Amino acid sequence: MATNVQGRFLWYELLTTAPRAAQDFYTGVVGWGTDVWEGAGAPYTLWTVGETPVGGIMNLPEDAMKQGARPHWLAHIGSSDVDRSVRKAAQLGATVMREPFDIGTVGRVAILTDPQGAIFSIYAPASELPDPEGWPRLGDVSWNELAVSNWEEAFDFYHDLFGWEKGEAHDIGEFGIYQIYKRNGIRLGGMFNKPPEMPAMWIFYARVGDVKRGVENIQKGGGTILNGPMEVPGGDWIVQFMDPQGALFALHALNPARL
């Protein structure tokens with residue numbers, strides 16, 4: 001198992017009711033390529049940036065739909081020992097949705113919800129993975145945002161589980177504090193208190209060159225704009241949207257002055 005991955009976002013997976021249509025939508029909006037991986041037994045479609053796989057797409061399982069699951073994105077967060085991390089997460093109040101299981105020769109995975117209900121995965125890859133260097137590339141997920149009822153309790157949970165550190169805290173008005181969190185001093189994303197009508201969830205932002213052009217592609221592909229486009233502190237731009245099947249995702253363009 002890899003030993004350098006603790007607390008790192010390693011893989012992003014879309015579970016959806018229409019994989020072929022979703023592929024067409026996201027390749028147009030984010031610019032991802034796709035490839036087919038046969039290593040899981042059944043064909044599995046990969047999202048790619050250049051020749052590098054960054055995630056995947058699969059059918060939302062029928063048993064999950066029967067339990068009320070809707071199309072959604074799932075992040076696989078690194079651990080050197082999935083079984084040990086799952087036991088610790090359960091002790092901290094998480095719910096284990098699927099016990100640890102092996103994926104071919106790729107690694108070991110478990111699916112959980114945190115104590116406030118946001119779904120995530122713990123993933124131990126079978127081999128060492130190099131840490132990324134510099135800014136996220138175009139097409140990489142560049143920001144990982146958590147919306148929960150109590151971000152302070154959420155931070156304590158993920159800090160205890162993965163070792164994440166607090167970064168800057170920003171006052172965002174009616175939503176209170178937006179807390180940046182880090183891994184090894186590198187910013188991974190932010191946490192904030194969601195509005196009551198919103199479920200606890202993770203929101204992922206893919207880096208694009210131009211958010212306004214991204215909005216045009218979202219609308220052309222049949223997606224729905226939920227928030228933005230808007231400028232955020234530091235001069236970056238974001239937009240949140242729902243894809244045609246109902247999964248929430250977001251785009252992020254870096255301020256050119258930061259590059």
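Before any of the text, the structure's been laid out above.
An account of the accompanying structure is given in this report. As the structure is a prediction and not an experimental result, all values here were calculated from the model.

### Quick look at the pattern of salt bridges
Under the definition given, this model contains six salt bridges. Taking the shortest distance from any N to any O, the salt bridge between arginine 20 and aspartate 24 comes out at 2.8 Å. Of this pair, arginine 20 and aspartate 24 both sit in helix α1 (residues 19-29), four residues apart, roughly one helical turn. Since its relative accessible area comes to 52%, arginine 20 is described here as exposed. Of the charged contacts, one joins arginine 108 and aspartate 83 as a salt bridge, the two residues approaching to 2.7 Å between their closest N and O atoms.

### Structural notes on the packing of helix α3 (residues 82-91) against helix α4 (residues 151-162)
Closest axis-to-axis distance for the α3/α4 pair is 10 Å, and the angle between their directions is 150°. By the criterion of interaxial angle, the relationship of α3 to α4 is roughly antiparallel. Here α3 runs over α4; the crossing is right-handed. On α4, the residues that touch Ser85, Lys88 and Ala89 of α3 are Phe157, Asp160 and Leu161. Residues that form the contact of α3 with α4 fall into these classes: three nonpolar, one polar and two charged.

### Considerations on α4
In this model α4 runs 16 Å from its N-terminal to its C-terminal C-alpha over twelve residues, within 8% of the 16 Å that 1.5 Å per residue would give. Considered for burial, the residues of α4 that qualify are Trp151, Ala154, Phe155, Phe157, Tyr158, Leu161 and Phe162. In a view along the axis of α4, the buried residues occupy a sector of 160°, so they form one face of it.

### Considerations on the pairing of strand β16 (residues 248-253)
Buried residues dominate β16, accounting for six of its six residues. Taking every second residue as pointing to the same face, both faces of β16 are buried, with Leu248, Ala250 and His252 on one and Phe249, Leu251 and Ala253 on the other. One ladder, built from three bridges, connects strand β13 (residues 201-207) with β16; its direction is parallel. Its bridge partner being in β16, arginine 207 is matched across the sheet by histidine 252. Direction of pairing for strand β15 (residues 237-242) relative to β16: antiparallel, over a ladder of six bridges. Residue pairing in the sheet places valine 239 in a bridge with leucine 251 of β16. Hairpin remark: β15 followed by β16, antiparallel, with five residues in the connecting loop; positive phi at glycine 246, about 105°.

Rules and cut-offs
Residues numbered from 1 in each chain as written. Predicted model: local features only at pLDDT ≥ 70, side-chain atom pairs only at ≥ 80, totals over all residues. Heavy atoms only, no water. Salt bridge = Lys/Arg side-chain N within 4 Å of Asp/Glu carboxyl O. Helix = DSSP H or I, 4+ residues; strand = E, 2+ residues; numbered from the N terminus. Buried < 20%, exposed > 50% of the residue type's maximum accessible area, 1.4 Å probe, protein only. Axes fitted to C-alpha atoms, helices over the stretch in contact; angles between N-to-C directions. Parallel < 35°, antiparallel > 145°, perpendicular 65-115°, else oblique. Left-handed = near helix turned anticlockwise from the far one by under 90°. Contact = heavy atoms within 4.5 Å. Nonpolar A, V, L, I, M, F, W, Y, C, P; charged D, E, K, R; others polar. Expected span 1.5 Å × (residues − 1). Arc of directions from axis to C-beta. Pairing = 2+ DSSP bridges.

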